[in-house]
Amino acid sequence: MSLIWIIIAVLIFPGLLFTGVVGLLMSWVDRKVTARVQWRVGPPLFQPFYDFVKLLGKETILPKEGNPFVFLLAPVAGVAAVTVASLILWIPILDWKALAPLGFSGDIILVIYLLTIPSLCVILGGASSGNPLSSLGSSREMKLVLAYELPFILAIVVPIIQSGGQLRLDSLVAFQEANGAVALKLSGVLALIAAIPCIQAKLTLVPFDIPEAETEIIAGPYTDYSGPPFALFKLMRAMLLFVAPMTLVIFFCGAMNFDGIMNSVLSVLKYVGLLVLITVIRNTNPRLRIDQAMKFFWTIPLLLALGGVILALIGL
Amino acid sequence: MKLTLKALAKSPWVYHLSTGSCNNCDIEVLDALTPRFDIERFGCVLVGSARHADVLLVCGSMNRKTIPRVLEIYGQCAKPCLVVAVGGCACSRGMFKDSYNVGDPLDSYLPVHAYVPGCPPKPEAIILGVVKAAEVLKKLGKDKPADPPEVE
Ligand code: SF4
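## Structural notes on the packing of helix α3 (residues 47–56) of chain A against helix α1 (residues 3–10) of chain B
- Orientation of α3 of chain A relative to α1 of chain B, taken along the N-to-C sense of each, is 130°, at an axis distance of 8 Å. Compared by their axis directions, α3 of chain A and α1 of chain B come out oblique. Considering the relative orientation of α3 of chain A and α1 of chain B, their crossing is left-handed. For the pair formed by α3 of chain A and α1 of chain B, the contact residues are Gln47, Tyr50, Val53, Lys54 and Leu56 of chain A on the first element and Leu3, Thr4, Ala7, Leu8 and Lys10 of chain B on the second.
- Residues of the contact of α3 of chain A with α1 of chain B, tallied by class, amount to 6 nonpolar, 2 polar and 2 charged.

This is the structure we're talking about:
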């Protein structure tokens, strides 16, 4: 019985189908806001769905020099990782009886790992295609992961300290419901400011779209992808666009809450506000070089996150 | 008509392929990509990799050096892939018809789905060409554009 519920949860409701559809819609929001910033009309509502379906019908070309096994498996693993991350993040929000036992001590760490897997899949996929531009993109992505992972994890330590050192998502959510959002305290604000550029880099959006800088290395790790594997990568990116800002909302902005209309509207507003902030950052900044990005992450966000951790330990 | 082809008509990603034009057609293609013309309304995006291309925007009269490269890039595109000839040169070799280095016109090598005349064509005309090429796909329905012939 509970196994069936888990399968439904993974494939349909908080899992694959739901995250995929919402993620594609959110990538439309991203594109539409971009278009409005540039004083354009922008794409129609279902544009990301057209793109996805179109890519499913295109030819898949396997690289001659590459490793077809890793090449084809990388996007599947990426989508699977984001699906599970989304599922785990939704468990404390939904608070369903059938899913509640899935929360365990340490699921925060699991979420951090699962959110890193898409980047690893992009690295693997790019490196396995045997294309010099792809491997260049992969190596840049790898450096980017090294750069942003440390400040990101330090920033996430702040809500953990504030909620009393528990590594459980549901106790974190319960703590914020009782005591107000983490970002209402000074340490939470610092950590949130440190985490936003990390999310930007996780999503490889401008100013950190260095791995796929189209003016230098064509499309980076995706250069040799076509057809359904590329569609899966697109889907993974879209799902990550939904899941990554949602992670920040859950960790810093008092989670989400869907009982009552006021609460639901507030939750959606929190998420969409963060998404629009990310999009505006993306549209008002030039692309950095990889060394500048590393220098940036290892100074400002790292110091902010460290300051946040110290303040949280003092109790501010 | 297949769903995927219908979706292709709604999201033709364009790839800019200059085969040795006088550069004016290329400038007009870049103009068509600016916010003023906003090709994203039709779902068009400029892609950098031929693997992602749905529409090849070919400019210029192909010369003997670029013909094999054009065919190679067409071979690298994931099919179905449409070809739009942009400018008088790509349509019919234009004023370079009798030039010493110019070979056969584009449509004797590749299946061309839309011709955009003009020297250079306006950005509006280029966008119309892409949209019309996508409509050709709707009419053709099932069949995929043919593979290019081998080059010697
Ligand atoms: S059609 Fe005219 S503008 Fe275009 S490449 Fe030929 S000569 Fe240049």
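After that view of the structure, there is still more to cover.
## Observations concerning helix α6 (residues 132–162) of chain A
Residues and elements named next belong to chain A.
- Taking 1.5 Å per residue, 31 residues should reach 45 Å; α6 reaches 46 Å between its end C-alpha atoms and fits that length.
- Along α6, the helix axis deviates most sharply at Tyr148, where the bend reaches about 30°; the proline Pro151 sits within four residues downstream.
- The backbone nitrogen of Leu133 lies 2.8 Å from a side-chain oxygen of the residue at the head of α6, namely Asn131.
- Positive phi appears at Gly164, one or two residues downstream of α6, with a value of about 90°.

## Re unusual backbone geometry
- Put simply, Val206 of chain A and Pro207 of chain A share a cis peptide bond, and its omega is 5°.
- If you trace the backbone, Pro207 of chain A turns up in the loop between α8 (186–202) and α9 (214–217).
- Looking along the chain, the bond that leaves Cys119 of chain B and enters Pro120 of chain B is cis, with omega of -5°.
- Examined against the element boundaries, Pro120 of chain B turns out to sit in the loop between β4 (114–116) and α5 (123–140).
- Phi angles above zero are rare outside glycine, and Trp39 of chain A is one such case at about 65°.
- Relative to the assigned elements, Trp39 of chain A resides in the loop between α2 (16–37) and α3.
- Of note in this structure, Asn23 of chain B is not a glycine but carries a positive phi near 85°.
- With respect to the helices and strands, the residue Asn23 of chain B is situated in the loop between β1 (14–18) and α2 (24–32).

What counts, and at which threshold
- Per chain, residues are indexed from 1 in the order of the written sequence.
- Chain labels run from A onward and ligand labels from 1 onward, assigned in the order the entries are written.
- Totals for whole chains, interfaces and linings use every residue, but because this is a predicted model, local features are given only for residues with pLDDT of at least 70 and side-chain atom pairs only at 80 or more, for both listing and counting.
- By convention in this description, side-chain values take in all heavy atoms of the structure and omit both hydrogens and water.
- Here an axis means a line fitted to C-alpha atoms, over the contact stretch when the element is a helix, while the angle between two N-to-C directions is reported on a 0 to 180 degree scale.
- Runs of E in the DSSP output that reach at least two residues are strands. Runs of H or I that reach at least four are helices, and both are numbered from the N terminus.
- Any angle that falls under 35 degrees is termed roughly parallel, while one over 145 is termed roughly antiparallel, one within 65 to 115 roughly perpendicular, and all others oblique.
- Two helices that cross are described as forming a left-handed crossing if the nearer one is turned anticlockwise from the farther one by less than a right angle, and a right-handed crossing if clockwise.
- The contact definition used throughout considers only heavy atoms, calling two residues in contact when any of these lie within 4.5 Å.
- Polar here means any residue outside two lists: the nonpolar Ala, Val, Leu, Ile, Met, Phe, Trp, Tyr, Cys and Pro, and the charged Asp, Glu, Lys and Arg; Gly therefore counts as polar.
- Multiplying one less than the number of residues by 1.5 Å gives the expected span of a helix.
- What is called the bend at a residue is the angle between a pair of axes, fitted to the seven residues leading up to and ending at it and to the seven starting from it.
- Under the rule applied, a polar contact is a pair of N or O atoms within 3.5 Å (in protein, one hydrogen donor and one hydrogen acceptor; residues adjacent in sequence only if both atoms are side-chain atoms).

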